[in-house]
Amino acid sequence: MKNVFFAAGDNFDTYELNGVICGSTICYDLRFPELYRHLSLQGAKIILCLQNGRRPGGIFGLYCHRPAGRNHNYIVAVNCVGNFKGAPFYGHSMVVDPMGKIIAEGGSAEEIIYCDIDLAYIDKVRARLNALADVRKELIR
């Protein structure tokens, strides 16, 4: 079935937000680790992921911590809450640290979650095991 609402993007650039290099993705992108690796190799310290997950956990809960741990950066994952056409959204927005640990998580109701993001922690993690330094770029097409 052809998708008549969305088209694949072709801009995979990072951007600066308050002096921090960031990247942005959507829920479907969680299935493609190469996108998170690309953004990380471009210097992203924080990657934002917007989601509209409907099932408890699902791909959203399972995959949000993986790109953070693989690339040693922060993932800020925002999920919808409430209902749309009778179908509930799951919520549980979260912030995941460079080791893949959830450091803040919301619930199933609308709310704002807060936490501190320690950018120096990225350097500490990468000093122990910097997967980005060991990327075999000849294998990336």
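First things first, this report covers the structure right here in the doc. Since we're looking at a predicted model, the values are computed, not measured. Within each chain, residues carry numbers counting from 1 in the order of the written sequence. In view of the model being predicted, local features appear only for residues whose pLDDT reaches at least 70, and side-chain atom pairs are presented and counted only at 80 or more, with totals across whole chains, interfaces and linings using the full set of residues. Hydrogens and waters are ignored; side-chain quantities use all the structure's heavy atoms.

## Let's talk about the overall build of the chain
1) Next: Strands here are runs of E lasting at least two residues and helices are runs of H or I lasting at least four, both read from the DSSP assignment and numbered beginning at the N terminus. For the chain, the helix and strand inventory stands at 4 helices and 8 strands.
2) Next: Secondary structure elements of the chain, listed N to C terminal, follow the sequence β-β-α-β-α-α-β-β-β-β-β-α.
3) Next: Across the 141 residues of the chain, 34% fall into the buried class.
4) Next: In this description, contact between two residues means that some pair of their heavy atoms is separated by no more than 4.5 Å. Across the chain, every contact between residues at least 6 apart in sequence was considered, and the portion connecting residues at least 24 apart equals 57%.
5) Next: Accessible surface is estimated by sampling points in the Shrake-Rupley manner with a 1.4 Å probe; for residues, cover comes only from the protein chains shown. By element, 56% of the accessible surface of the chain is carried by carbon and sulfur atoms, the whole surface being about 9,200 Å². Exposure is judged per residue with a 1.4 Å probe applied to protein chains only, and the accessible area is read against the type maximum: over 50% gives exposed, under 20% gives buried, and values in between give partly exposed.

## A few points about the sheet that holds strand β3 (residues 46–51)
1) Next: Between any two strands, at least two bridges found by DSSP are needed for them to pair. Pairing is mixed in the open sheet, where 6 strands are placed in the order β1-β2-β3-β4-β7-β8. Where the open sheet ends on each side, the last strands, each with one partner, are β1 (15–17) and β8 (102–105). When strand polarity is set aside, the average angle formed by the axes of neighbouring strands in this sheet is 25 degrees.
2) Next: Both strand β2 (residues 20–26) and β3 contribute to a ladder of 5 bridges, which runs parallel. Bridge assignment links G23 to a residue of β3, and that residue is I47.
3) Next: Contacts from helix α1 (residues 33–41) reach β2, β3 and β4 (74–79) within the one sheet, and its direction differs from that of β2 by about 165 degrees. Interaxial angle, 0 to 180 degrees, is taken between N-to-C directions of lines fitted to C-alpha atoms, where a helix line uses only the stretch in contact.

## Considering the pattern of salt bridges
1) Next: Every case where a carboxyl oxygen of Asp or Glu lies within 4 Å of a side-chain nitrogen of Lys or Arg is listed as a salt bridge. Applying the stated criterion to the full structure yields 2 salt bridges.
2) Next: The partner of R136 in a salt bridge is E138, and the shortest N-O contact between them spans 2.4 Å. By the burial criterion, R136 is exposed, and E138 matches it.

## Remarks on the environment of L119
1) Next: One can find L119 in helix α4 (residues 119–128).
2) Next: Using a relative accessible area of 30% as the deciding quantity, one classes L119 as partly exposed.
3) Next: The sequence separation of L119 and P98 amounts to 21 residues, and the corresponding C-alpha distance is 9.5 Å.

Without other data, these values stay purely geometric and don't point to any function.
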